[in-house]
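# Descriptive analysis of the structure
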Amino acid sequence: MKPLLLILLTVSLTILSVLIEAQEDSLVLYFSFDEEVEEEIKDLSVHRNHGKVSGKPKWGKGKLGQSLAFDAVDDQVVVPTTESLAIEVAITMMAWVNPGKELLNDW
Ligand SMILES: [Ca+2]
């Protein structure tokens, strides 16, 4: 009985690791903004679609961890086009965005 249990556990862990790996591969871009940098933001996905920072945006406290504050003048993060970002199907995008009090008053 114990060998059967061990085999089932091994098969289950193998299937689980394959599912987790497939899920990670579908994430094509993830910036945590938790590491203050001046030039390049590391993409934490397996695709490494790193972004280039320009305009000197300010680092500050975010919804979760750190954030970047853009001045609406010249601040930006540019991610070069890559095969993994050639989206051809429906995708889910998520971001925490705080437009600031000035913009909220104009709505
Ligand atoms: Ca700027």
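See the structure printed just above.
Residues numbered from 1 in each chain as written. Predicted model: local features only at pLDDT ≥ 70, side-chain atom pairs only at ≥ 80, totals over all residues.

## Focus on the pairing of strand E3 (residues 58-61)
For the record, the criterion: At least two bridges found by DSSP between two strands are what make those strands a pair. Under the DSSP-based scheme used, a helix requires at least four consecutive residues in state H or I and a strand at least two consecutive residues in state E, with every element numbered from the N terminus.
In this structure, E3 lies alongside strand E4 (residues 66-69), joined through four bridges in antiparallel fashion. Residue pairing in the sheet places Trp-59 in a bridge with Leu-68 of E4. Count of turn residues in the E3/E4 antiparallel hairpin: four residues, of which Gly-65 carries a positive phi of about 80 degrees.

## Side note on the environment of Ala-95
Turning to its location among the elements, Ala-95 is positioned in the loop between strand E5 (76-78) and helix H2 (100-105). In this structure, the C-alpha to C-alpha distance between Ala-95 and Tyr-30, residues 65 residues apart in sequence, is 9.8 Å.

## Remarks on unusual backbone geometry
Keep this limit in mind: Buried means a residue has 20 or more other C-beta atoms within 10 Å of its own C-beta, exposed means 12 or fewer, and partly exposed covers the counts in between; C-beta atoms are placed from the backbone.
Unlike most non-glycine residues, Phe-33 shows phi in positive territory, near 60 degrees. The residue Phe-33 is located in the loop between helix H1 (2-26) and strand E1 (40-41) in this model. Its 18 C-beta neighbours within 10 Å are what place Phe-33 among the partly exposed residues. Within the chain, Ala-72 stands out as a residue other than glycine whose phi angle is a positive 65 degrees.

## Details of the environment of Leu-29
What counts, and what does not: For the purpose of contact definition, each residue receives a C-beta atom placed from its backbone, and two residues are in contact when these atoms lie within 7 Å.
Of note, Leu-29 is situated in the loop between H1 and E1. Residue classification places Leu-29 among the partly exposed positions, given that 17 C-beta atoms sit within 10 Å. Each C-alpha atom of the pair Leu-29 and Met-93 lies 9.5 Å from the other, and the pair is 64 residues apart in sequence. Residue contacts for Leu-29: discarding those within four places in its chain leaves Asp-43, Ser-45, Asn-49, Val-79 and Leu-85.

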